[in-house]
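# Results of the structural survey
Chain by chain, the residues:
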Amino acid sequence: MTRPHSAGRAVAAWLLGAAVAGCGAKAPPLPPLIIAPERIRSMEVTRLDGLVYVEFEVPSSNTAGDGPADVVRVEVYALTTRPAEGEEEEFSEDWLEAATLVDTIVVRPPLLPGMEVEAAEGEGEPGAEGQAGPVSQGDEVTVVERLGAEAFVPVTVGEEEEEDEEEDEEDAEDDEDARPLLMPYVGPPFPPPVIRSYVAFGVSSRGREGGPSSIESIPLVDAPGPPGPPAVEYTAASVRVTWEAPDTLRMPVQDPSYAVSDDPDAEPLGPPLSATPIIEWGEPSRYVVYDVAGLGAGLPFPRPERLRPPARTASYSDSDITFGETRCYAVRVLDAVGELEIEGPESPATCVVLTDTFAPAAPTGMVAVADDDAISLVWNANSESDLAGYRILRGTAPDATLQPLGLEPVERTTYRDARVVPGQRYWYAVQAVDAAVPPNLSPPSQRIAETAR
């Protein structure tokens, strides 16, 4: 007679059998590891009249955070649209399909320790739109697009689908009873501006695209007109640049400084009256100042650097003085279109070579003391940073033209004149000399007289 197993023994036997059966069995396959470049961050897009500068950093890691990145190129796309009021551009496959490839930036493979970059033939020469040769991971890159006529034509993303929806809406309206509605008259709103938007992303060696950058846009409205050539004046301490406002400058709707006439001495109209604008008006124009000296070399469309944040004042002061340098100042007008900005064409540049023609101050506090066979001079030190020394002047009559003692300036603030005749009275003065070429001489100090022993 067979004795039945208890319930506990049956469960244990089942688990043991399952464990034995599971030995060597394969687990479900893991999903394949997809390696793609990380998303490009902090992309900036700026429009300067007919040129658009797209600036970003080449990815140096992958989406998983490991590095170096598997990235062989970066692609930059642009699309012109007219979004509805309050609508924002969103990246999608339809957006990318409608967009135009602006530029492809080739990325060098990462270097192993001890390796050096070897320039390929033609590498380093400026490309058609300003990017010079392949770049490395982590490099700051600037892509330049020159706006042609086709860039100003807006495209509708998903146009066929939208047309079908519009037809359905029209059919539904036809089915309803049309009744006239009494509504107050509302003037037509300003149409939203046409914009051009840019997206960039890295592409791996297997053709996998990294995440797209944020969409950055610029307005395709008429650019503001330029000011006239700026006037440049400078002193030993600073440069002052001034210019006249162009006729197209966008002024505040209510400007308390608005005068009755063109007379600069005319009294202003006074504080503006309180009012509520019927429509939203754009922000007043601002000026952007550039130093464009040396921008003609290198890339065909170099990106000028702003010397200060945009401002409404029609003047600029530069306290960074280096004599011998060439400065070329140019000004653009910046207008805001909603949250977007556009800079107009550049004014004619005014160039100056900063030349040191500024004499030091006259020395002060000179004292003369006679001793045996010599007269000693002492004076206060000058404070100029480019001071080269002092020139000692001497004469034998109160109204005589003083002559220099020696050809080279003395660096100390003391001098002992041993070429004197006992009993002879001498008149002295000191001039400060700077290090400019040719040197600048200060006015003579106050004359003092002393008789040799």
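Attention in this report is confined to the structure presented alongside it. This is a predicted model, so every value here is computed, not measured. (Residues numbered from 1 in each chain as written. Predicted model: local features only at pLDDT ≥ 70, side-chain atom pairs only at ≥ 80, totals over all residues. Heavy atoms only, no water.)

### Concerning the sheet that holds strand β20 (residues 425-434)
Overall, antiparallel pairing links the four strands, which are arranged β18-β17-β20-β21 in an open sheet. Strands with a single pairing partner mark the edges of an open sheet, and in this sheet they are β18 (403-404) and β21 (448-451). As paired elements, strand β17 (residues 387-395) and β20 share eight bridges and run antiparallel to each other. The residue bridging G395 from the neighbouring strand is W427, located in β20. (Pairing = 2+ DSSP bridges. Helix = DSSP H or I, 4+ residues; strand = E, 2+ residues; numbered from the N terminus.)

### Section: the environment of P444
As for its position among the elements, P444 is in the loop between β20 and β21. P444 sits 42 residues away from L402 along the chain, and the two C-alpha atoms are 9.7 Å apart. With near-sequence residues (within four places) excluded, P444 lies in contact with A362, L393, A429, V430 and Q431. (Contact = heavy atoms within 4.5 Å.)

### Observations regarding empty space enclosed by the protein
On inspection of all chains with the given rule, the structure shows one cavity of 30 Å³ or more. In this model, the largest cavity occupies a volume close to 30 Å³. Forming the boundary of the largest cavity are Y390, R391, I392, L405, G406, L407, E408, P409 and V410. Each residue belonging to the lining of the largest cavity can be placed in one class, and the counts come to six nonpolar, one polar and two charged. (1 Å grid on protein atoms, 1.4 Å probe; cavity = no way out; pocket = protein on both sides within 12 Å on 5 of 7 lines; lining within 4 Å. Points joined across faces, edges and corners; volume = space filled by probe spheres on them. Nonpolar A, V, L, I, M, F, W, Y, C, P; charged D, E, K, R; others polar.)

### Description of the pairing of strand β2 (residues 51-57)
For β2, the buried fraction is high: six of the seven residues fall into the buried class. Between strand β1 (residues 44-48) and β2, which pair antiparallel one after the other, the connecting turn spans two residues, and D49 there sits at a positive phi close to 60°. Examined bridge by bridge, β2 and strand β5 (residues 140-146) share seven bridges and lie antiparallel to one another. Looking at β5, one finds that E57 is bridged to E140. (Buried < 20%, exposed > 50% of the residue type's maximum accessible area, 1.4 Å probe, protein only.)

### Describing the packing of aromatic side chains
Here the structure, examined in full by the defined rule, presents eight aromatic pairs. Each ring, one from Y77 and one from F201, has its centre 5.6 Å from the other, and the planes form 20°; the classification is stacked. One end of the pair, Y77, is in strand β3 (residues 73-81); the other, F201, is in strand β6 (residues 195-203), and 124 residues separate them in sequence. The same class applies to Y77 as to F201, namely buried. Consider the rings of W243 and Y287, whose centres lie 5.3 Å apart with planes at 75°: the pair is edge-to-face. Of this pair, W243 sits in the loop between β9 (239-242) and β10 (286-291) while Y287 sits in strand β10, and the two are 44 residues apart along the sequence. For the residue pair W243 and Y287, the accessibility class agrees, reading buried in each case. These aromatic residues form a ring-pair network of at least three members: Y234, F323 and F358. The ring of Y53 has R303 lying over it, and the distance from NZ or CZ to the ring centre is 5.6 Å. Against the face of W427 rests R425, its NZ or CZ located 5.8 Å from the ring centre. (Phe/Tyr/Trp six-rings, centres within 6.5 Å; stacked < 30°, edge-to-face > 60°. Lys NZ or Arg CZ within 6 Å of the ring centre and 35° of its normal.)

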